[in-house]
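Secondary and tertiary structure notes
Letter by letter, the chains look like this.
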2 protein chains.
Amino acid sequence: MVESNYFQVALSSSLVVFGFNGKQLLIVTEKRKKSPFKRAPMLPSKMVLPEESLESATNSLLKSIFCETTENHTEQLKAFANPYRNSDGRVVNIAQYAVLRYAATQLKMNSNYQWCDLEDLPSLVFDHDEILTFAKERLKRRVKRRPIGFHFLPKEFTFKEIHTLYELALRKKLDKRNFRKKLFSSDLLVDTNKSVTVEENNKPSNLYMFNTKEYEKLTLKGYDFSFK
Amino acid sequence: MVESNYFQVALSSSLVVFGFNGKQLLIVTEKRKKSPFKRAPMLPSKMVLPEESLESATNSLLKSIFCETTENHTEQLKAFANPYRNSDGRVVNIAQYAVLRYAATQLKMNSNYQWCDLEDLPSLVFDHDEILTFAKERLKRRVKRRPIGFHFLPKEFTFKEIHTLYELALRKKLDKRNFRKKLFSSDLLVDTNKSVTVEENNKPSNLYMFNTKEYEKLTLKGYDFSFK
DNA sequence: GCAAAAGTGTTAGGGTTACACCCATGT
DNA sequence: ACATGGGTGTAACCCTAACACTTTTGC
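These numbers were taken from a predicted model, which means no experiment stands behind them. (Residues numbered from 1 in each chain as written. Chains lettered and ligands numbered in written order. Predicted model: local features only at pLDDT ≥ 70, side-chain atom pairs only at ≥ 80, totals over all residues. Heavy atoms only, no water.)

Brief notes about the overall build of chain A
Note the threshold: To qualify as a helix, a DSSP run of H or I must reach at least 4 residues; to qualify as a strand, a run of E must reach at least 2; elements of each kind are numbered from the N terminus. For each residue, the accessible area found with a 1.4 Å probe, counting protein chains only, is set against the maximum for its type, and the residue is called buried under 20%, exposed over 50%, and partly exposed in between. Any two residues having at least one pair of non-hydrogen atoms within 4.5 Å are treated as being in contact. A residue counts as positive if it is Lys or Arg and as negative if it is Asp or Glu; His and the chain ends are not included. Taken as the charge location is NZ of Lys, CZ of Arg, CG of Asp or CD of Glu.
Along chain A, the regular secondary structure elements total five helices and nine strands. For chain A, the sequential pattern of α-helices and β-strands runs β-β-β-β-α-β-β-β-α-α-α-β-β-α. Dimensions of chain A, computed from C-alpha atoms along their principal axes, come out at roughly 65 × 40 × 30 Å. Expressed as a percentage of its 228 residues, the buried residues of chain A come to 50%. Sequence separation of 24 or more characterises 67% of the internal contacts of chain A that already satisfy a separation of 6 or more. Here chain A holds 38 positive side-chain charges and 27 negative ones, and the gap between their average locations is 3 Å.

This is the structure we're talking about:
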């Protein structure tokens, strides 16, 4: 029997929701509703009920942010458990990492949530900057080792989109030809034989899809996008 | 103000303590003291007090296992937060991963703790097998990307020891010559010019130490021991 | 001299990098 | 015809992988 005086901790969960609009990596921020730091930017967060699972908490947060919560990828990031994070008592924050298809989502109207360019982000309240830093490292690693970068993209996408996505996530330039070579050598992409004119005045670009079989295989066993 | 009915969760912490005795990878297991599953093997675990930090909980657990807690490496593994892990109420287990120098430690006498060969481990109680699986994956990754394998070894060690350690952690054979080549090309090892006869009847082996500077550099920036 | 483990090089192949020009389109 | 971004190939280098024999020691 666990002594009852241990049961005095609260659980919260913050989300780092990544998206990609074709040009920028974005995360969802929330405008804080309460004092202190009213209206300061923060990660979307909620208290987790004592009987509530983390998955359910994450999902309900996502539902409060987006109109339809389309398919998304979520995983646990880390527990931030410093005893003095919150003045009301001990609140352990189990941060979650999420990636979803920007184009398939829509923020709820009149909510306190908004997409924010990762490159141009204000400081967040509490320890949320630390959580974000952690999440960015996770993203970097995932992009390198798994075809997870692809949770970002619409069903059909151009080479440029995936190229830009990888450059932003890894925060480095990737040689166009080499990146293409590697990507296509992996059997991960399928040419749809469609093309699309992204901007007026220039050559239309090809549209690609994922090879689902290969995608799942690589998700399981991992691979190595070891760009210098 | 966070409403008070959230503060009903308890915090526990389990440790996966890895060690290496020169021949086997080991973890510390504990014999459970209470029913149900009295005397069943489990990961060393403790409840975390509401004001106690995770680091402090980990350290006190280590102190209860070992006579002297020498230098060790610990990091958070994952929070296991399923609401129904424990019948007394919600207990969130924040599992920790730890590596220490086997040769520099000593288990406390008459304790319920013991070293256990990873290759020959019984089933553990509750979700501890799941935690262990997670920890083994973490170890694998760490060994690949960082000179963390070296937290295992004594100050001076033979090539065979580090070779065996890597083989066990990665769970694959590593070609002796190629492994040696890679290891020495990294500037990470220093030849002590000492040698030691490990077993009678054969050639003594060289002793190596770490190049601390290089070690720290690689700890920060990572490297890539990508053995096939 | 024998048993046991330590220590040592080479080669072939594959992957990574660096790099510059032509192509298709809309105006 | 021109401006814009899309799309393409090659060569040098490096790293990896495969592989077997000699050396040193204690008995």
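Describing the interface of chain B and chain A
Where interface size is quoted, it is often the accessible area lost as the parts come together. The line we're drawing: Two parts placed together each lose some accessible area; with a 1.4 Å probe, that loss summed over both constitutes the buried area. Should a side-chain nitrogen of Lys or Arg be within 4 Å of a carboxyl oxygen of Asp or Glu, the pair is scored as a salt bridge. N or O atoms within 3.5 Å of each other form a polar contact, as long as, within protein, one can give a hydrogen and the other can take it, and as long as residues adjacent in sequence are counted only when both atoms are side-chain atoms. In this classification, the charged set is Asp, Glu, Lys and Arg, the nonpolar set is Ala, Val, Leu, Ile, Met, Phe, Trp, Tyr, Cys and Pro, and all remaining amino acids, among them Gly, are polar.
Contacts between the two partners involve 33 residues from chain B and, on the opposite side, 33 residues from chain A. The contact between chain B and chain A buries some 3100 Å² in all, and 61% of this surface belongs to carbon and sulfur atoms. It is Tyr6(B), Phe7(B) and Pro50(B) in chain B that bury the most area against chain A; as a group they hold 22% of the surface buried on that side. Where chain B touches chain A, the interface holds two salt bridges. When the shortest N-O distance is used, the salt bridge between Asp224(A) and Arg145(B) registers 4.0 Å. Applying the counting rule to chain B against chain A returns twelve residue pairs in polar contact (both at pLDDT 80 or more). Only β1 (10–20), β4 (45–48), β5 (72–80), β6 (91–100) and α2 (128–145) of chain B provide two or more residues apiece to the side of chain B that touches chain A. Here the side of chain B that touches chain A is built from residues that sort into 19 nonpolar, six polar and eight charged.

Examining the packing of helix α2 (residues 128–145) of chain A against helix α3 (residues 159–170) of chain A
Residue and element names in this part refer to chain A. Going by this rule: Fitted lines through C-alpha atoms serve as axes, helices being fitted only where they are in contact, and the angles separating the N-to-C directions of these axes extend from 0 to 180 degrees. To sort the angles, those under 35 degrees are grouped as roughly parallel, those over 145 as roughly antiparallel, those from 65 to 115 as roughly perpendicular, and the leftovers as oblique. Crossings are sorted by hand: turned counterclockwise from the far helix by less than a right angle, the near helix makes the crossing left-handed, and turned clockwise it makes it right-handed.
Here α2 crosses α3 at 135°, and the two axes come no closer than 8 Å. On the basis of their axis angle, the class for α2 and α3 is oblique. The hand of the α2/α3 crossing is left-handed. Contacts between α2 and α3 involve Leu-139, Lys-140, Val-143 and Lys-144 on the former and, on the latter, Tyr-166, Ala-169 and Leu-170. Residues belonging to the contact of α2 with α3 are distributed by class as follows: five nonpolar, no polar and two charged.

Focus: the domain arrangement of chain A
All names here are of chain A. Quick reminder of the rule: Bear in mind that the domain bounds are from an automatic or database domain assignment.
Here chain A is partitioned into domain 1 (3–145) and domain 2 (149–221). When each unit is reduced to the centre of its C-alpha atoms, the spacing between domain 1 and domain 2 is 27 Å. Taken together, the 20 residues of domain 1 in the interface contact 14 residues of domain 2. Between domain 1 and domain 2, a total of about 1600 Å² is buried, with carbon and sulfur atoms accounting for 66% of that surface.

As for the pattern of salt bridges
This model, assessed by the stated rule, comprises 26 salt bridges over all chains. Between Lys217(A) and Glu214(A) there is a salt bridge, and its shortest N-O distance comes to 3.4 Å. With Lys217(A) and Glu214(A) both in helix α5 (residues 212–221), this residue pair falls three residues apart, about one helical turn. For Lys217(A), a relative accessible area of 45% corresponds to the partly exposed category. Beyond isolated ion pairs, a larger network of salt bridges with shared partners links Arg145(A), Asp224(A), Arg145(B) and Asp224(B).

Remarks on α3(A)
All names here are of chain A. Put simply, the rule is: A helix is expected to span 1.5 Å multiplied by its residue count minus one.
Taking 1.5 Å as the rise per residue, α3 with twelve residues should run 16 Å; its terminal C-alpha atoms sit 17 Å apart, in good agreement. Where burial is concerned, most of α3 is hidden: ten out of the twelve residues are buried. Residues of α3 that are buried include every one of Phe-159, Ile-162, His-163, Thr-164, Leu-165, Tyr-166, Glu-167, Leu-168, Ala-169 and Leu-170, and no others. If you follow the buried residues of α3, they end up packed against β1 (10–20), β2 (25–31), α2, α4 (176–185) and β9 (205–210). Downstream of α3 by a residue or two, Arg-171 has a phi angle that is positive, lying close to 50°.

Some thoughts on the relation of the copies chain B and chain A
We count it as follows: C-alpha atoms of residues with pLDDT of at least 70 in both copies form the basis for the least-squares superposition of the copies.
Superposing chain B onto chain A takes a rotation of 180° combined with a translation of 0.0 Å along the rotation axis, leaving an RMSD of 0.0 Å. Taken together, the rotation and translation describe the operation of a two-fold axis. A high fraction, 100%, of the interface residues of chain B reappear at the interface in chain A, so the copies pair face to face through one surface.

Points about a positive patch on the surface
We apply this condition: Each patch groups residues whose relative accessible area exceeds 30% and which form no salt bridge, using 9 Å between like charges and 5 Å between nonpolar side chains of Val, Leu, Ile, Met, Phe, Trp and Tyr. Note on areas: these come from Shrake-Rupley sampling with a 1.4 Å probe, and a residue is covered only by the protein chains present in the view.
A cluster of like positive charges, contributed by Arg141(A), Arg146(A), Arg141(B) and Arg146(B), occupies part of the molecular surface. Since its relative accessible area comes to 32%, Arg146(B) is described here as partly exposed.

Some details on the state of the cysteines
Residue and element names in this part refer to chain A. Which entries qualify depends on this criterion: A pair of cysteine sulfur atoms is labelled a disulfide when the two atoms are within 2.5 Å.
The tally for this structure, following the rule as stated, stands at zero disulfides over all chains. As a non-bridged cysteine, Cys-67 has Cys-116 as the owner of its nearest cysteine sulfur, 19 Å distant. Given the relative accessible area of 45%, Cys-67 is considered partly exposed. Given a relative accessible area of 12%, Cys-116 falls into the buried group.

Thoughts on the pairing of strand β7 (residues 113–117) of chain A
Each regular strand shows side chains that alternate between the opposite faces of the sheet. All names here are of chain A. As a reminder, the rule being used: In this analysis, strands are considered paired if DSSP registers two or more bridges between them.
Counted residue by residue, β7 has four buried out of five residues, so it is predominantly covered. Here β2 runs beside β7; their pairing, made up of five bridges, is antiparallel. Bridge assignment links Thr-29 to a residue of β7, and that residue is Gln-114.

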